[in-house]
Structure formats: C-alpha cells, structure tokens
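Now for the letters of each chain:
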Amino acid sequence: MDRDAVADAKAKNVKFNRSSPNAAINTLPQNIAETRDGETFEISDYSDSRMLITGKKAWEYKIRLMSVFDKDGKLCNLSCSAYSESTIGWTCSSDARHRSGEMFKTDYNEYEWEWEYADARSASSQGSNGNKIHRP
C-alpha cells in the first residue's frame, strides 16, 4: 500500500496521509529507565525519518535526553543532543536543551525539545515540541 505516515512523536501515534504516495516513515519514541551501581539513568529518545521510494533518505532527526541520579536521588549528570539532516527539496531541524534542575541539589531534570521537517516544494511543514521531566 503506497501511503506515507506522519508521526507525532509527542502524542506517540502515527497518522497516515495519502497525499504523498511515494514515501515511508519509521518512528519510535522511547523512554528507558535503568539502575546501575546505585545510580538511576533516565533516557528519552525521539527520532524519525522519511525514506523516499527510491531508497534515498529525505530527512531524519534524532534527539536524546539523558539524566543520571545518584543513590540519594539527586541529579549528578545530564546530557542532551539533537541531530538532523535532509536532502535537496526537504528541510529538517531539531533541538534539545536543558531547562531546569541543579546538579547535586534537585531530584529532577527538565529538558525542552523540538523538531520540524518540511517539503520545500510545497512549503508545508510538520513539527512538534515539548518538555520532558526526568525523575529517579
């Protein structure tokens, strides 16, 4: 079936759009919580891409948010990263940044994230943004 899917990473669902019959999409927002050696790791991944039927990637973004909490539940490490790429005729951007939470003082960490892609030929775009709070 020739349809493309437009993913809403924030709502964690996939909607199908018949307007572009020559593309396919993959997406899986993931949240991972793990405890190792008394430290709790919280990881949130947001990623999506569109592959043209020719096999060429139209666009892709990846966002990773990570918080580490010590044995007392205090934030002891954090990182966030955003990556995006697009081919001719498409644009794609992503961003992630720390919003609040203090090292060795708070029991939470908050991030802001956003992504957007667009078909440059039709000037239509799709995107989402939000906040993510990690706790031990």
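Only a predicted model underlies this, so the values are computations on that prediction, with no experimental measurement involved. (Residues numbered from 1 in each chain as written. Predicted model: local features only at pLDDT ≥ 70, side-chain atom pairs only at ≥ 80, totals over all residues. Heavy atoms only, no water.)

Caption draft 1: Region of the structure containing the pairing of strand β4 (residues 30–36). By the bridge criterion, seven bridges tie β4 to strand β5 (residues 39–52) in an arrangement that is antiparallel. Its bridge partner being in β5, glutamine 30 is matched across the sheet by aspartate 45. In sequence, β4 turns back onto β5 through a hairpin of two residues, with aspartate 37 there showing a positive phi of about 50 degrees. (Pairing = 2+ DSSP bridges. Helix = DSSP H or I, 4+ residues; strand = E, 2+ residues; numbered from the N terminus.)

Caption draft 2: Spatial organisation of the sheet that holds strand β10 (residues 124–134). One open sheet holds the three strands; their spatial order is β8-β9-β10, and the pairing between them is antiparallel. In the strand order of this sheet, the two ends are held by β8 (90–100) and β10, each with one partner. Averaged over neighbouring strand pairs, the angle between their axes works out to 10 degrees when direction is ignored. Note that β8 and strand β9 (residues 109–119) share 10 bridges and pair antiparallel. Residue pairing across strands places tryptophan 90 opposite aspartate 119, the latter belonging to β9. (Axes fitted to C-alpha atoms, helices over the stretch in contact; angles between N-to-C directions.)

Caption draft 3: Just the environment of glycine 101, in detail. Mapped onto the secondary structure, glycine 101 falls in the loop between β8 and β9. Separated by 32 residues in the primary sequence, glycine 101 and isoleucine 133 place their C-alpha atoms 9.4 Å from one another.

Caption draft 4: Quick look at unusual backbone geometry. Of note in this structure, aspartate 37 is not a glycine but carries a positive phi near 50 degrees. Among the structural elements, aspartate 37 can be located in the loop between β4 and β5. In this structure, phenylalanine 104 takes a positive phi of about 65 degrees despite not being glycine.

Caption draft 5: Expanded view of the pairing of β5. Within β5, 10 of the 14 residues are buried, leaving the element largely enclosed by the surrounding structure. With 12 bridges joining them, β5 and strand β6 (residues 57–69) adopt antiparallel strand pairing. Bridge pairing in β6 places phenylalanine 41 opposite valine 68. Two successive antiparallel strands, β5 and β6, enclose a turn made up of four residues, where glycine 55 displays a positive phi of approximately 95 degrees. (Buried < 20%, exposed > 50% of the residue type's maximum accessible area, 1.4 Å probe, protein only.)

Caption draft 6: Structural view of the packing of aromatic side chains. Applying the stated criterion across every chain, the model contains five aromatic pairs. Plain terms: the ring middles of tyrosine 46 and tryptophan 113 are 4.5 Å apart, the flat faces sit at 25 degrees to each other, and that makes the pair stacked. Remark: tryptophan 113 occurs in strand β9 and tyrosine 46 occurs in strand β5; sequence separation between them is 67 residues. We classify tyrosine 46 as buried; its relative accessible area is 8%. A relative accessible area of 3% means that tryptophan 113 is categorised as buried. Measuring from centroid to centroid gives 4.8 Å for tyrosine 61 and tryptophan 115, while their planes differ by 10 degrees, and the two rings are stacked. Taken together, the residues span a long stretch of sequence, with tyrosine 61 in strand β6 and tryptophan 115 in strand β9 at a distance of 54 residues. Owing to a relative accessible area of 0%, tyrosine 61 belongs among the buried residues under this scheme. A residue is classified by how much of its surface remains accessible, and tryptophan 115, at 3% relative accessible area, is buried. (Phe/Tyr/Trp six-rings, centres within 6.5 Å; stacked < 30°, edge-to-face > 60°.)

Caption draft 7: Structural context of the environment of asparagine 109. Within the element layout of this structure, asparagine 109 appears in strand β9. According to the relative accessible area criterion, asparagine 109 is buried, its value standing at 0%. At a separation of 2.9 Å, a polar atom in the side chain of asparagine 109 contacts the side chain of histidine 98. (Polar contact = N/O pair within 3.5 Å; in protein donor to acceptor, adjacent residues only side chain to side chain.)

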